[in-house]
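Single-letter residue listing:
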Amino acid sequence: MTKAPTVVALIVAAGRGTRAQSARPKQYVPLAGAPVLAHTALAFLQHPEIDRVMIVLNRDDHALYTQEVAPLLAVSGTPVSTCIGGETRNISVKNGLLALENTGVSTVLIHDAARPLISAELISRVLARTVEGGAAAPALTLSDTLWRGRDAQVTGAADRTGLFRAQTPQGFDFASILSAHNRLTAPATDDVEVARRANLPVAIVAGDPDNIKITTPGDFARAARLIRQKTGSPMDIRSGNGFDVHAFCPGDHVTLCGVRISHRQGLLGHSDADVALHAITDAIYGALAEGDIGQWFPPGDPRWKGAESAVFLHHATTLSADKGYRINNVDCTIICESPKIGPHVDAMRDRLAGIMAVPRTRLSVKATTTERLGFAGRGEGIAALANVILIKSGEG
Ligand code: MG
């Protein structure tokens, strides 16, 4: 029985990348919510034809990798290991290859950590051609005219025939590329160049224009945009729910959604007992995973005695905005036998719109009885339910 070939992705993440002008190495700069290196590694870890991933790290980045990247890679069942790179890219790749020597690797795909947009299709394309011919790498043809120039003046045009823009991953028969690296005597620009010096023929496969190499600060914005397009979920959408009950007590009015309604009883509570605003406020805190109204405004605190509940809703709304969310819509149901809610619904929606700065067309208030069943049906109090959707647009 022959053992299935073992395909390894060797990700080179040891460079210093000073051109991205960041306080940290560009491989660790967050992109659409995760470090660049995590995107790159996951593309290979989640590919069905990749058996193992080896990441070559800079000696100084080990803590950053362990804290910020490694935990994100655990979602995949594919094994991932690391080794330490060297002063140059050539040395880093060679260290990675040596770390894989004698582990049964048949094929290696060598990829730059700074290309996080590598697609599954391109990985498959490079791998298929590598298995077929021993070495393959992706490249793009040139569509722009090439000029020569000096001092910002065009001095001539260059022939673009036969020119390609090289990308990674570059795929090789493992033993051949290891041997080529072992024999390397002068620096080579990439692994295709290393292979060519050892007289290994390298096939060109069609590259992917989205497989960009992050180099400048502007590349991060472009990469974030491409990731949003690829994932198809450009927004962070959160729903929350809230529920509250207050008992009736002696009084002459109730306050619901900030609207005072004459009634033969009042509602018992530390604040103005606006059960509807409390439910909506809790729904927002819930969507934000920020606790509940009782944690933000403890009922024992004398500051909130008799307080207008609009203060609480305003706080939750502001917290949501501070975290980058807008309130998409609210749906609130008030549950009671009396007072009649219907005549006050328009005023309630207007009041909510004023407190939350959300158009009233996105604010629903409705009411129901419980057919005289339960505490609400017996007229012992009022309950309210609320649902809210918060949306944060993708910002990379
Ligand atoms: Mg309450």
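Criteria and thresholds
Residues numbered from 1 in each chain as written. Predicted model: local features only at pLDDT ≥ 70, side-chain atom pairs only at ≥ 80, totals over all residues. Heavy atoms only, no water. Domains from an automatic or database assignment. Donors = N, O, S within 2.8 Å, 3.2 Å for Na, K, Ca; no water. Helix = DSSP H or I, 4+ residues; strand = E, 2+ residues; numbered from the N terminus. Buried < 20%, exposed > 50% of the residue type's maximum accessible area, 1.4 Å probe, protein only. Salt bridge = Lys/Arg side-chain N within 4 Å of Asp/Glu carboxyl O. Phe/Tyr/Trp six-rings, centres within 6.5 Å; stacked < 30°, edge-to-face > 60°. Expected span 1.5 Å × (residues − 1). Arc of directions from axis to C-beta. Contact = heavy atoms within 4.5 Å. Pairing = 2+ DSSP bridges. Right-handed = clockwise from strand over helix to strand, strands pointing away.

On to the domain arrangement of the protein, then. Where interface size is quoted, it is often the accessible area lost as the parts come together. Assigned domains of the protein: these are domain 1 (6-231) and domain 2 (237-392). A separation of 54 Å is found between the C-alpha centroids of domain 1 and domain 2.

With that settled, consider the coordination of the magnesium ion. On the protein side, the magnesium ion has D244 (OD), H246 (NE2) and H278 (ND1) as donor atoms, found 2.1 to 2.3 Å from it. The sequence pattern describing where the donors of the magnesium ion fall on their chain is D-x1-H-x31-H. One end of the pair, D244, is in strand β13 (residues 235-250); the other, H278, is in helix α8 (residues 275-288), and 34 residues separate them in sequence. A relative accessible area of 7% means that H278 is categorised as buried.

A full pass over the atoms with the stated rule returns 18 salt bridges. For K213, the salt bridge is made with D112, and the minimal N-O distance between the two is 3.7 Å. With K213 in the loop between β12 (203-206) and α7 (217-231) and D112 in strand β6 (residues 105-112), this residue pair connects regions lying 101 residues apart in the sequence. Residue classification places K213 among the partly exposed residues on the basis of a relative accessible area of 39%. One salt bridge in this structure joins R378 and E380, with 2.7 Å as the shortest N-O distance.

Right, let's talk about the packing of aromatic side chains for a bit. Going through the model one piece at a time under the given rule, you end up with four aromatic pairs. With a centroid separation of 4.5 Å and an interplanar angle of 40 degrees, the aromatic rings of F297 and F312 are classed as tilted. Taken together, the residues F297 in the loop between α9 (293-296) and α10 (310-322) and F312 in helix α10 connect sequence positions 15 residues apart. The same class applies to F297 as to F312, namely buried. Centre to centre, the rings of W304 and F312 are 6.2 Å apart; their planes meet at 80 degrees, and the pair counts as edge-to-face. Just as W304 is buried, F312 falls in that class too. Members of the aromatic cluster, joined through ring pairs, are F297, W304 and F312.

Between its terminal C-alpha atoms helix α11 (residues 345-356) stretches 16 Å, which fits the 16 Å expected from twelve residues at 1.5 Å a residue. Among all positions in α11, only V345, M348, R349, L352, A353, I355 and M356 are buried. Taken around the axis of α11, the buried residues stretch over an arc of 165 degrees, which confines them to a single face. Packing partners of the buried residues in α11 comprise β14 (253-256), β15 (259-262), α8, α10, β17 (326-335) and β18 (363-368). A357, located one to two residues past α11, shows a positive phi value of around 55 degrees.

Moving on: the pairing of β17. Most of β17 sits inside the fold, with seven of its ten residues counted as buried. Relative to strand β19 (residues 381-393), β17 is paired through nine bridges, and the arrangement is antiparallel. Note on β19: the bridge partner recorded for N329 is I389. One ladder, built from six bridges, connects β17 with β18; its direction is parallel. Counted as the bridge partner of I335 is T368 from β18. Once the chain exits β17 it traverses α11 before rejoining the sheet at β18, and the crossover so formed is right-handed.

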